[in-house]
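# Chains, contacts and geometry: an overview
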Amino acid sequence: MPDSTRTLKIFFATNNIHKYNEVNAIFKQHTFFQLKFLKTPLVEIQSSNLEEIAIFSLKKCSRIIKNTPIFVEDSGLFIKHLNGFPGPYSAYIFKTIGLKGIIALMKEIEDREAYFQSSIALKIENKINIFTGQVRGQIAQDISDTGWGYDPIFIPESDGIHTFGELGIKKNFISHRFLATLKLIKFLNKYSAD
Ligand code: IMP
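Let us look at the structure shown here. (Residues numbered from 1 in each chain as written. Predicted model: local features only at pLDDT ≥ 70, side-chain atom pairs only at ≥ 80, totals over all residues. Heavy atoms only, no water.)

### Some thoughts on helix 1 (residues 17-30)
In a regular helix each residue adds 1.5 Å, so 14 residues correspond to 20 Å; helix 1 covers 20 Å between its end C-alpha atoms and thus fits that length. Those residues of helix 1 lying buried are Lys-19, Tyr-20, Glu-22, Val-23, Asn-24, Ile-26 and Phe-27. Between the side-chain oxygen of the N-cap and the backbone nitrogen of His-18 there are 2.9 Å, and the N-cap of helix 1 in question is Asn-16. (Helix = DSSP H or I, 4+ residues; strand = E, 2+ residues; numbered from the N terminus. Expected span 1.5 Å × (residues − 1). Buried < 20%, exposed > 50% of the residue type's maximum accessible area, 1.4 Å probe, protein only. Polar contact = N/O pair within 3.5 Å; in protein donor to acceptor, adjacent residues only side chain to side chain.)

Here it is, written out as structure tokens:
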């Protein structure tokens, strides 16, 4: 467990408390950095590339933050049978057709392969760095009772039975966000050694 007396601050700008909680749990175990929740809606451009979207959001929301490192995260669910849909449009699709709509689009489809991607854009010492994590899996036949966002319909390959939602806290240590966050922390820990 990192020593809290040597804590350095970093902002995570997001409007999503679930994302903050997941990332904060990983930070607490792996780094000296103390995560600060900068609650803000992000401006997202239309792009097929999550990394580009994250960089744009970061540039917008980091204008007022001068000397503290700051990062944003953009994620999406990419379904092979739907040519990567909803991908960068995951937030909009979630709000419109929702999980029921996705399950309907996948009705009687055998190839249920999908992946989740998380792309983190970090600004530190006036430079932007990107960290990406992906997790392969399958779209479930039904919507599970637990989990936020697309968690109730995504079964990670490493489990093969339970959705992210059903995995509860275990999700947080196998997820796309976990993999991206670990890359971020590995990079940040170079700074905390000084
Ligand atoms: P955004 O990264 O906030 O744009 O999220 C895109 C969409 O994917 C939103 O509807 C989120 O709820 C959903 N989402 C992002 N990450 C996850 C996750 O880890 N599990 C489930 N849904 C997610």
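Resuming the write-up.
### Brief notes about the nonpolar core
Residues Ile-10, Phe-27, Leu-35, Phe-71, Leu-122, Leu-184 and Leu-188 are the most contacted members of the largest nonpolar core, which totals 19 residues. Counting residues per element, this core draws most heavily on helix 6 (residues 176-192), at six residues. Residues contacting Phe-27, with those up to four places away along its chain left out, are Ile-10, Phe-33, Leu-35, Phe-71, Thr-181, Leu-184, Ile-185 and Leu-188. Ranked by size, the runner-up nonpolar core spans 18 residues in total, among them Ala-114, Val-135, Ile-153 and Phe-154. (Core = buried A, V, L, I, M, F, W, Y, C linked by side-chain atoms within 4.5 Å. Contact = heavy atoms within 4.5 Å.)

### Description of the pairing of strand 2 (residues 33-39)
In terms of strand pairing, strand 1 (residues 8-14) meets strand 2 through seven bridges, oriented parallel. Opposite Lys-9, over in strand 2, you have Gln-34 as the bridge partner. Note that the unit made of strand 1, helix 1 and strand 2 has a crossover that is right-handed. (Pairing = 2+ DSSP bridges. Right-handed = clockwise from strand over helix to strand, strands pointing away.)

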